[in-house]
Amino acid sequence: QDNVERTENSLSLWVNEAKDLPAKRRYYCELHLDGTLFARTSSRAVGCPLFWGELFELDNLPSISQITLHLFREEDPKKKRHSRDESSLHPLGSVAIPLDEIRGRVHQEKWYPIVPYKAPAPAGSKDLLGPQASLRIRARFQNLKVLPMEKYKEFAEYVTMDYVKMCRSLEPLLNVKEKEELAGALVHMLQSIGKAKEFLLDLGGAEVARLGEKEALIFRENTLATKAIDDYMKLVGQRYLIETLGDFINRLYASVENCEVDPRKCPPGELSNNQKHLTEVCEEAVQKILSVHGPFPEELNKIFSGWAELCEDQGRPEISQRLIASLFLRFLCPAILSPSLFGLTQPYPEPQTLRTLTLTAKVIQNLANFTLFGEKEEYMLFMNDFLQQHWDGMRTFLQTVSSLDSEIPSTSFDGYVDLPLRLAVLHGLLVDIIYQREQDTVDKLHPLPSILNQITGCLGPEVHRIIVPRHVHAHLPGAAKPDVVLPRDLSEFSPHYSSRQQLPLEERDGRRSRKPVTRTQSAPHRRP
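A quick note: this is a predicted structure, and the numbers were derived from the prediction, not measured. (Residues numbered from 1 in each chain as written. Predicted model: local features only at pLDDT ≥ 70, side-chain atom pairs only at ≥ 80, totals over all residues. Heavy atoms only, no water.)

## Some remarks on the overall build of the protein
Defined as follows: Labels follow the DSSP assignment, with helices taken as runs of H or I lasting at least four residues and strands as runs of E lasting at least two, numbered in each case from the N terminus. Here the term buried applies to any residue with accessible area under 20% of the maximum for its type, exposed to any over 50%, and partly exposed to those in between, with areas from a 1.4 Å probe on protein chains only. Note on definitions: a residue-residue contact is assigned when non-hydrogen atoms from the two residues lie within 4.5 Å. All accessible areas in this document rest on Shrake-Rupley with a 1.4 Å probe, and a residue is counted as covered only by the protein chains that are shown.
A count of helices and strands for the protein gives 16 helices and 14 strands. Taken across its 528 residues, the protein has 45% of its residues classed as buried. A sequence separation of at least 24 residues applies to 71% of the contacts in the protein between residues at least 6 apart. Of the roughly 29,000 Å² of accessible surface on the protein, a fraction of 50% belongs to carbon and sulfur atoms.

## Regarding the sheet that holds strand E1 (residues 6–19)
Put simply, the test is: Strand pairing follows a simple DSSP-based rule, namely that at least 2 bridges must link the two strands. In this description, a line fitted to the C-alpha atoms serves as the axis of each element, helices being fitted only across the stretch in contact, and the angle between N-to-C directions of two axes falls anywhere from 0 to 180 degrees.
Taken in spatial order, the four strands make up an open sheet running E5-E1-E10-E8, and their pairing is antiparallel. Because the sheet does not close on itself, it has two edges, and the strands there are strand E5 (50–61) and strand E8 (108–113). Between one strand axis and the next, the sheet turns through 20° on average, direction left out of account. The pairing of E1 with strand E10 (residues 134–146) spans 13 bridges and is classified as antiparallel. Paired with serine 10 across the bridge in E10 is glutamine 142. The strands touched by helix H13 (residues 419–434) within the sheet are E1 and E10, with E10 carrying the most contacts at an inclination of about 110°.

## Here's the deal with the side chain of serine 340
Residue placement: serine 340 occurs in the loop between helix H9 (326–337) and helix H10 (351–369). Aside from chain neighbours lying at most four places away, what touches serine 340 is Thr345, Gln346, Pro347 and Tyr348.

## A few points about helix H15 (residues 448–456)
Among the nine residues that make up H15, eight are buried, leaving the element largely enclosed by the rest of the structure. Every buried residue of H15 is listed here: Leu448, Pro449, Ser450, Ile451, Leu452, Asn453, Ile455 and Thr456.

Set out below in structure tokens:
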């Protein structure tokens, strides 16, 4: 597969919400590609609005021509099987998403009207869709041409050797979304060739150097380093995350206990019980994390150890704790807050569950930061004793996961990364970022634009080419040399040296003299 040209089709689609649907019902959506069912949302009750917030990432798709979302009403479980209306077998309505509207690298979002299913409905039926019935969808469909690996060889070598310089040059040009995409593409590509650890170590070191005394901002800003550690933890830490928090999250989703502890949002008579419930939830989460319940990613252990050593060498050992605590800031706490985005569950949480998750993530983040609650969140002051009781355990945990000598159960990444595909994604992203820039900016990125153009030349005329001055392009290895070169441009193609510089010197009687040139057998002596 690495040595053949191919086209990769992928669909990224968010089913966000619906409006103007009959009340007192539960609904779900099915995603069909060319009439075949590929995905289904969870069932949700009509609220204000009806919200799913579910993402479907479908890769390695066949060639498709039609994307359709069908809206169904969940059947009433109280009805007997034989008495169910035949109409329940059909969707209430459908949304057809034109491929051309969502084709490209950028997600497109809009409200799509739901076209009712063409079936007779009794007059005054409560199941009729409203006139404004629609779904809010955010989607992107990509046809990506992937070249044989040999076409990306020079590009891969450049990125592997010069990613620090490339990231430093590109970062000021990027918006937040582009930083996220570039960091993800680099992480996957470098993981495939075994360089991701060095990449993260270098970015962490650069982050420490950049922020200086403002270490509180480490991995808190929208930088390439922040986005890269986000993506890398998701890539190598998925099994650890599921084994550590999977059962905990499922229990919270099934629980009816209320953990609201803000007096403005709950009756006074329930406050004490709610505080007890929240404490119990946080205790369960903390024990699952600090006991290293699931096998810890070996790659993260090595990166954390490398960061600790780096800070020690710089005489700033206290900074290493902040770097290692990024495990909570960028991975564990976001996963608790939004479990559906981290593969821990499919449905978006109900409001009460969401509030419990929010408060739990807040407590655990404060624990990882060794920070007490203050007057800003006065209603959380009762959790300060809990935090102080677990500070020693948190210190031990951070030391354990950053020590190569620790005897915790570990696991290493065993997934597959399609290197040519990741290089194709990275190429397309970099071309889109660079080709519209000012020429001075493009020139400063040399030789990257010329390397990208070499790949672009194999993709067809519809792909953007970056304008590169001829004298810059000539430096690129493998670039075609012109038939005629003006004298002023000669040095751009073949460096000039005087003949004397090419002959070595040797010393005789204290004097340096030019070594005589001896004739070789390849040029026989001409007879007089």
